[in-house]
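Listed here are the chains, written in short residue letters.
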Amino acid sequence: MTSDPLVIAGRTFQSRLIVGTGKYPSHPVMADAHRAAGADMVTVAVRRVNLHDRSAESLLHYIDPDRIFILPNTAGCYTADEAIRAARLGREVGLSNWVKLEVIGDERTLYPDNVALLEATRVLVAEGFVVLPYTNDDPVICRKLEEAGAAAVMPLGAPIGSGLGIQNQNNIRIIREQARVPVIVDAGVGTASDAAIAMELGADAVLMNTAIALAQDPVAMATAMRLAVEAGRLAYRAGRIARRAYASASSPAEGLLSPAAPLDTVVRAGS
Amino acid sequence: MKIRVNGDPVELPAELSILQLLERLHIDPRLVAVEHNLSIIKRARYDSTLIGDGDQIEIVNFVGGG
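Here goes a summary of the coordinates provided.

Basis of the calculations
- Residues numbered from 1 in each chain as written.
- Chains lettered and ligands numbered in written order.
- Predicted model: local features only at pLDDT ≥ 70, side-chain atom pairs only at ≥ 80, totals over all residues.
- Heavy atoms only, no water.
- Contact = heavy atoms within 4.5 Å.
- Buried area = accessible area lost by both parts, 1.4 Å probe.
- Salt bridge = Lys/Arg side-chain N within 4 Å of Asp/Glu carboxyl O.
- Polar contact = N/O pair within 3.5 Å; in protein donor to acceptor, adjacent residues only side chain to side chain.
- Helix = DSSP H or I, 4+ residues; strand = E, 2+ residues; numbered from the N terminus.
- Nonpolar A, V, L, I, M, F, W, Y, C, P; charged D, E, K, R; others polar.
- Pairing = 2+ DSSP bridges.

1. Description of the interface of chain A and chain B
In step 1: Taken together, the 29 residues of chain A in the interface contact 26 residues of chain B.
In step 2: Between chain A and chain B, a total of about 2400 Å² is buried, with carbon and sulfur atoms accounting for 60% of that surface.
In step 3: On the chain A side of the interface with chain B, the three residues burying the most area are Arg-48, Glu-92 and Val-93 of chain A, jointly 28% of the side's total.
In step 4: Linking chain A with chain B are 3 salt bridges, by the criterion used here.
In step 5: Ionic pairing is found between Arg-48 of chain A and Glu-58 of chain B, a salt bridge with its closest N-O pair at 2.7 Å.
In step 6: Linking chain A with chain B are 15 residue pairs in polar contact (both at pLDDT 80 or more).
In step 7: Mapped onto the side of chain A that touches chain B, the elements with two or more residues apiece are strand E4 (41-48), strand E5 (69-72) and helix H2 (80-93) of chain A.
In step 8: Of the residues that constitute the side of chain A that touches chain B, the class distribution is 12 nonpolar, 9 polar and 8 charged.
In step 9: Relative to strand E7 (residues 56-64) of chain B, E4 of chain A is paired through 5 bridges, and the arrangement is antiparallel. Opposite Ala-45 of chain A, over in E7 of chain B, you have Val-63 of chain B as the bridge partner.

In structure tokens:
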């Protein structure tokens, strides 16, 4: 049990690393990666059952619902109506009333349509959902989403799957400073240091999928990410030093030896 | 009768319930959510909700995603 748990909408999580379930080489590798990551919340997508190929095992057989909280997303939705419909269907599968709300505004960047996102947030909050909206690293939209009742705000670090890391560190810091709900950096993490940076900026958690699933060794990367999130969180709480333009010596100025005589003088004295 | 399930036409011999349709398709009702003519149907009502000619059914489940 950690002494520094993540609390969202009154629910406690031991891990500050939230992981996706997409793009893994296989379901068993996904399960191993989730274990290595120490994740206790994972995201899933809501899609039509494939009626033509019933051979694939259910994803849920590889996620233990007693140990891992399942968060349905509304990935692939481009309008508020589509996202609201997906959220309602996700809730109806029956595991919870939580939703990672995505309303996409652009196919290439997968950046959110924040106007539609805000509208969908209001509707779903009114219907009793716990809404975690994926949005930009924009302090204004984060404030509006919080005011609309979002249980957390999830600013992106960089485009989904891009691996570019935290593109606007200052904005993430500002978002954390003003938010009164958890801030979860979601999207764009590429490697461990990106996750550590997000946590050092004050993020309450990091959500990632591609960085682990498409790493050459997903299980090793999942371990790295777990450690990075822990390290970043500890560093944040430890209170880092200020940045300075110039040096500040670590060794004392007192007790220095006086300047030595020229070397050849010393040799002549001893010979 | 003819209905649409997940966008595909399906022929059925007679009216049946959502539960019967799921059984016919070998789908575990506990792992899915179902829309009948754009209305989400609660699991407790799968047994009592009848599907008729021309109806549109969407059956969704959780898959991998970020």
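2. Examining the sheet that holds strand E8 (residues 154-155) of chain A
In step 1: Taken together, 3 strands build an open sheet; the order of strands is E6-E7-E8 (chain A) and the sheet is parallel. The sheet is open, and its two borders are formed by strand E6 (98-101) and E8 of chain A, each paired with just one other strand.

3. As for the pattern of salt bridges
Residue and element names in this part refer to chain A.
In step 1: According to the stated counting rule, one finds 16 salt bridges over all chains in the structure shown.
In step 2: The residue Arg-237 makes a salt bridge to Asp-4 at a minimum N-O spacing of 3.6 Å. Pair noted here: Arg-237 is in helix H8 (residues 218-238) and Asp-4 is in the segment before strand E1 (6-8), with a separation of 233 residues, a long-range link.
In step 3: Look at the salt bridges and you will find they share partners, linking Asp-4, Arg-16, Arg-233 and Arg-237 into a network.

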